[in-house]
Amino acid sequence: MHLLTASNLSVFRGERLVLSNVSFSLPAGGILVLRGENGAGKSTLLRTLAGLTPLAAGALKWDNEDALNDLPSHAKRIAWLGHLDAVKPALTAAEHVPAAALAAVGLSAYAELPARLLSAGQKRRLAIARVAASAKPLWLLDEPTTGLDAASVLRFLALCETHRQGGGMIIASTHTPLELSGVEVLTL
Amino acid sequence: MIALILRELKLSLRHGADTTASLLFFIIAGTLFPFALGPGPTTLAAIAAGVVWVCALLAALLPLDRLFGADYEDGTLDLLLLSGLPAYGVAFAKTAVHWLTTGLPLLIIAGPLAIMLRLPAEHVPLLLLTLLPGTMLLSLLGTLAAAITLGARRAAVLMPLITLPLMIPTLIFGAAAVTSAHPSAALYMLAAMFCAALPLAPLGAGAALKAAAE
């Protein structure tokens, strides 16, 4: 079973110290929700955990080994959902993700539709479907429920639960309460 | 990497207007010279190789601002950097796609354009031979410039300002080889520049991509 451990993470963005001495531990099946006001560093922490933003100090360990030592290998553990959907307007929904993942987010009826014709909420669901289809152990989600209707939020929570039951881990920044069991909260 | 190249090729086909615009620019820019200088075959033949080279160089610059720009704006760049490929691998894949969708079509059209500009037929194969590494070099250096200017204000203006000076040696040797009595030296220089840029440009572009994603 995997274990992600962050010890005293500090991160600069430009000249500004955004994160200072952030520590947490996340076991397999765990979910960590990042909270904090706008600009508190939630997205920065997610980007740092993904290896996109470099650490100024501290250590990030995956199964007690330096996670950021080999970034391409670390990337293979991560399913990323940023605040942008990374949806290509010219491709159809089915060209973004497999049919099963589309069904999981209720987009099967739109499979052959070019993504430029999807609404903002549907694009978000498509981005979530890509995460769900990835089969990677660590989900890093930046405001995953933005633009989702109530039914889509429930589908998303079901996907999270399935992922956790399979030993997956989730770290999410969100202002919306996630109705999941065993949620740990890290306030920045 | 193959999967990334295929996906990018599919996207390029869906945005076929970008490639078409480059090719049309190449043809139109080339055809302006006879209008400006007159149709005299001697004059045109003397400048044909240089005109084709310069027009190809400028035409290949056109799609560069969208090479990473669209991915940067829609969040795909993060996914590319988290794809498990090293950043230089992502840059190399983008370079390959740029050459396949822009450099190669330019190379194919360069022959007829050169003949229209009265380049002697026996010089056309040599022109194409020089444009082969030349367009590849342009894709490599253009990708580097596109990555460096990613996220910068006025990136579309900065990119040619970075790429064009870097391409001057290629232009000199490429155009000279076509009309030279002994073209092998210039061809060797082109090959050497390509061999140097092949590993270095993706490495530099990869570092720039990571910096842009921070």
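Relevant structure appears above.
For every chain, the first residue of the written sequence is number 1, and numbering continues from 1 along that sequence. Whichever chain is written first becomes A and whichever ligand is written first becomes 1, with later ones labelled in order. For this predicted model, a pLDDT threshold of at least 70 governs which residues receive local features, and a threshold of 80 or more governs which side-chain atom pairs are given and counted, while totals over whole chains, interfaces and linings are taken from all residues. In computing side-chain properties, one takes all heavy atoms of the structure into account and sets aside hydrogens as well as water.

Undergrad: Is there a simple way to think about the overall build of chain B in this case?
TA: Secondary structure is summarised from DSSP: a helix means a run of H or I of at least four residues, a strand means a run of E of at least two, and numbering begins at the N terminus for each. For chain B, the helix and strand inventory stands at nine helices and zero strands. Moving toward the C terminus, one meets the helices and strands of chain B in the order α-α-α-α-α-α-α-α-α. Taking 2.2 N^0.38 as the reference for a compact globule, 214 residues should give roughly 17 Å; the C-alpha atoms of chain B span a radius of gyration of 18 Å, in line with that estimate. C-alpha extents for chain B along the principal axes are approximately 55 × 35 × 30 Å. Three exposure classes are used, based on accessible area relative to the maximum for each residue type with a 1.4 Å probe and protein chains only: buried under 20%, partly exposed in between, and exposed over 50%. Within the span of chain B, comprising 214 residues, buried residues form 49% of the whole. Contacts are residue-level and defined by heavy atoms, with any inter-residue pair within 4.5 Å sufficient. Counted over contacts in chain B with a minimum sequence separation of 6, partners at least 24 positions apart contribute 80%. Counting every atom, chain B has about 9,500 Å² of accessible surface; 75% of that belongs to carbon and sulfur. Within this scheme the basic residues Lys and Arg register as positive and the acidic residues Asp and Glu register as negative, but His and the chain ends are omitted. One atom stands in for each charge, and that atom is NZ of Lys, CZ of Arg, CG of Asp or CD of Glu. For chain B, the distance from the average site of its 9 positive side-chain charges to the average site of its 9 negative ones is 3 Å. It is over C-alpha atoms that the radius of gyration is taken, and the globule rule equals 2.2 Å times the number of residues to the power 0.38. In these tables, accessible area is a Shrake-Rupley quantity obtained with a 1.4 Å probe, and a residue counts as shielded only by the protein chains included in the view.

Undergrad: What is the right way to read the sheet that holds strand 3 (residues 31-35) of chain A from this model?
TA: For sheets, the rule is that strands pair by backbone hydrogen bonds, running either parallel or antiparallel. Residues and elements named next belong to chain A. For two strands to pair, DSSP has to find at least two bridges joining them. A sheet is described by the order of its strands in space; here five strands give the open sequence 6-7-8-3-9, paired in parallel fashion. The sheet terminates laterally at strand 6 (78-81) and strand 9 (183-187), the two strands that pair on one side only. Along the sheet, successive strands turn relative to each other by an average axial angle of 15 degrees, direction set aside. Pairing analysis gives four bridges linking strand 3 to strand 8 (residues 169-173), with the strands arranged parallel. By the bridge assignment, Val-33 is partnered in strand 8 with Ala-172. Fitted lines through C-alpha atoms serve as axes, helices being fitted only where they are in contact, and the angles separating the N-to-C directions of these axes extend from 0 to 180 degrees. On top of the sheet, helix 5 (residues 120-133) reaches strand 6 and strand 7 (138-142); it is set at about 175 degrees to strand 6, its chief contact.

Undergrad: Would you explain the packing of helix 6 (residues 87-116) of chain B against helix 9 (residues 184-213) of chain B in this entry?
TA: Angle between the axes and distance between the axes: these two values describe a pair of packed helices. All names here are of chain B. At their nearest, the axes of helix 6 and helix 9 sit 7 Å apart, and the two run at 115 degrees to each other. Once helix 6 is placed against helix 9, the crossing between them reads as right-handed. Only Leu-198, Pro-202, Leu-203, Ala-205, Gly-206, Leu-209 and Lys-210 of helix 9 make contact with helix 6, whose side of the interface consists of Ala-87, Tyr-88, Val-90, Ala-91 and Phe-92. Classifying every residue of the contact of helix 6 with helix 9 gives 10 nonpolar, one polar and one charged. Helix crossings get a hand from a simple test, with the near helix turned counterclockwise from the far one by less than a right angle marking a left-handed crossing and a clockwise turn marking a right-handed one. For this classification, the nonpolar set comprises Ala, Val, Leu, Ile, Met, Phe, Trp, Tyr, Cys and Pro, the charged set comprises Asp, Glu, Lys and Arg, and every other residue, Gly included, is treated as polar.

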